[in-house]
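# Inside the fold
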Amino acid sequence: MTKAKRIAIIPGDGIGKEVIPQAVKVLAASGAPVETAEFDWGAGRYLADGTTVPRDGFAMLAKEFDAILVGAFGDPRVSTNIHAKEILLGMRFRMDLYANVRPVRLLDASLCPLKGVEPKDVDFVVIRENTEGVYVDAGGVFKQGTEDEVAVQEDINTRKGVERVIRYAFDYCEKNTKLDGSKRAKVLMCDKSNAMTHAGGLWQRVFKAISREYPQIKAEHMYVDALCMQMVRDPRQFDVIVTNNMFGDIITDLAAGLQGGLGMAASGNIHPGKTSMFEPVHGSAPPIAGKNIANPMGAILTSAMMLNHLGFAAEAAKIEGAVLDAIREKKTTQDMGGALGTKEVGEWIAQRVAGR
Ligand code: NAD
Ligand code: IPM
Ligand code: MN
């Protein structure tokens, strides 16, 4: 018998606490051999006892778990967002989860705001650098509150960091196919090297050097502004995109729009060989939290992504198939044009998964 994989579940705040239980229900229904343990890290815990990440929390996750499933962090009661920084960015940085893999797949033509675009036209992936860039939050403020105030926000890019994420993108391109089974063939590096010449120059040089190691893969480049326009004009042209932390954040919200909105987008924060973390792309959405209206599909698709990563491809395929059935049968939340609640969608998908 396969030994059960251990999954740490951290629902977090807002709609994270609503969508993650649905993803966990679907995981259980898939029959994958997993054991879960839940942690209360988030705004509630922080407000109650001041803890963001308990002592040795990251070491515990790395040692005791095979993967982590996370909801979202962000609560209007914590205006500094300190807990989100320490928990979410803490996991990415301190556990060194350097590749943020964000697949962009249109499951049904009805979900795309673009005319005449079908599922085969939107099937690309963004590989976002996840441990450096402006997210390091290096910098400072000088003469705060005066007319002469100065704010500096540094963009940190190391050769090692840039190399490993670009190499990850080429390896991903080599090893993964599109949904229709066809080969992936292109890696596009997106930057703003025409204006940010120091960091951009490093990315350019490293991209050129690594692309030579993969002669069978086409290497392309686009500035991030032009890429945003092209993503909306013609998403068919994209295959694997690799970019820095901040551009990756921004373009994946744009890309979520092509898939049916933030409620549909899944992601993984990965370091091959280490305990990796999986989370929907969306945030805690405070205005819709607690109303049973958040779309759980992004979280559910994230759990399928996690199962694939853990080697349970058949169970992951069952989940993805059931989500597709739910969309086709309009068993969806309001953001997708349906009339069901978060729980009801989760329940429907879990039952469909169990019956597969
Ligand atoms: P958000 O993703 O929470 O919401 C953006 C928009 O998308 C809102 O209109 C929201 O209602 C909608 N939306 C998001 N997820 C949805 C879902 N599952 N179903 C239906 N609609 C959905 O982003 P925001 O409003 O910019 O941020 C809110 C809070 O979340 C902030 O504190 C932010 O820092 C945090 N945040 C956390 C994460 C994370 O933990 N991974 C990601 C993004 C934002
Ligand atoms: C995301 C979120 C986070 C990010 C925030 C909450 C810091 O927007 O996961 O996309 O910018 O990475
Ligand atoms: Mn984001």
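This text gives an overview of the structure that appears in the document. (Residues numbered from 1 in each chain as written. Chains lettered and ligands numbered in written order. Predicted model: local features only at pLDDT ≥ 70, side-chain atom pairs only at ≥ 80, totals over all residues. Heavy atoms only, no water.)

## Thoughts on the overall build of the protein chain
Note the cut-off: For helices the rule is a DSSP run of H or I covering at least 4 residues; for strands it is a run of E covering at least 2, with both sets numbered from the N terminus onward. Radius of gyration here is computed from C-alpha atoms only, and the compact-globule reference equals 2.2 Å multiplied by the residue count raised to the power 0.38. Relative accessibility thresholds used throughout: buried, under 20% of the residue-type maximum; exposed, over 50%; partly exposed, between the two (1.4 Å probe, protein chains only). When checking whether two residues touch, look at their non-hydrogen atoms; a contact exists if any pair is within 4.5 Å. Accessibility throughout is a Shrake-Rupley quantity obtained with a 1.4 Å probe, and a residue counts as covered only by protein chains that appear here. By the counting scheme adopted, Arg and Lys are positive, Glu and Asp are negative, and His together with the chain ends is not counted. Charged groups are reduced to one reference atom each: NZ for lysine, CZ for arginine, CG for aspartic acid, CD for glutamic acid.
A count of helices and strands for the protein chain gives 11 helices and 12 strands. Here the C-alpha atoms of the protein chain give a radius of gyration of 20 Å, agreeing with the 21 Å that 2.2 N^0.38 yields for 356 residues. Each of the three principal axes of the protein chain carries a C-alpha extent, and together these read 55 × 50 × 45 Å. Per-residue burial over the protein chain gives 52% buried out of 356 residues. Looking at the protein chain alone, contacts between residues at least 24 apart form 75% of all its contacts between residues at least 6 apart. For the protein chain, the computed accessible surface area is about 15900 Å², with 52% contributed by carbon and sulfur atoms. Charged side chains in the protein chain number 43 positive and 44 negative. The centres of these two groups are separated by 4 Å.

## Examining helix H3 (residues 57-64)
Selection rule: Think of the arc as the fan of directions from the helix axis to the C-beta atoms.
All of the buried residues in H3 are Gly57, Phe58 and Leu61. Summarising the axial view, the buried residues of H3 lie within an arc of 100°, below the 170-degree limit, and thus occupy one face. Residues of H3 that are buried make contact with strand E1 (5-12), strand E3 (67-72) and helix H4 (82-94).

## What to know about the packing of aromatic side chains
Formally: Each Phe, Tyr or Trp ring, with Trp reduced to its six-membered ring, pairs with another whose centre is within 6.5 Å; inter-plane angles below 30 degrees give stacked pairs, above 60 give edge-to-face pairs, and intermediate values give tilted ones.
Going through the model one piece at a time under the given rule, you end up with seven aromatic pairs. Here the aromatic rings of Phe39 and Phe65 are separated by 5.7 Å at their centres, their planes lie at 85°, and the arrangement is edge-to-face. Of the two residues, Phe39 is situated in the loop between strand E2 (34-38) and helix H2 (43-49) and Phe65 in the loop between H3 and E3; the sequence distance between them amounts to 26 residues. Both residues of the pair, Phe39 and Phe65, count as buried.

## Here we look at the sheet that holds strand E8 (residues 186-191)
Just so we agree on the cut-off: Strands pair, by our definition, only if DSSP identifies at least two bridges between them. Where helices are involved, their axes are fitted lines through C-alpha atoms of the stretch in contact, as for all axes, and angles between N-to-C directions lie from 0 to 180°.
Ordered in space as E2-E1-E3-E12-E11-E4-E5-E10-E8-E9, the 10 strands form an open sheet in which the pairing is mixed. Each of the sheet's edge strands pairs with one partner strand only, and the pair in question is E2 and strand E9 (218-223). Recorded for the sheet is a direction-independent mean angle of 25° between the axes of neighbouring strands. Taken together, the five bridges between E1 and E2 define a ladder with parallel strand orientation. Note on E2: the bridge partner recorded for Lys5 is Val34. Sheet strands touched by helix H1 (residues 16-29): E1 and E3. Its angle to E3, the strand with the most contacts, is close to 145°.

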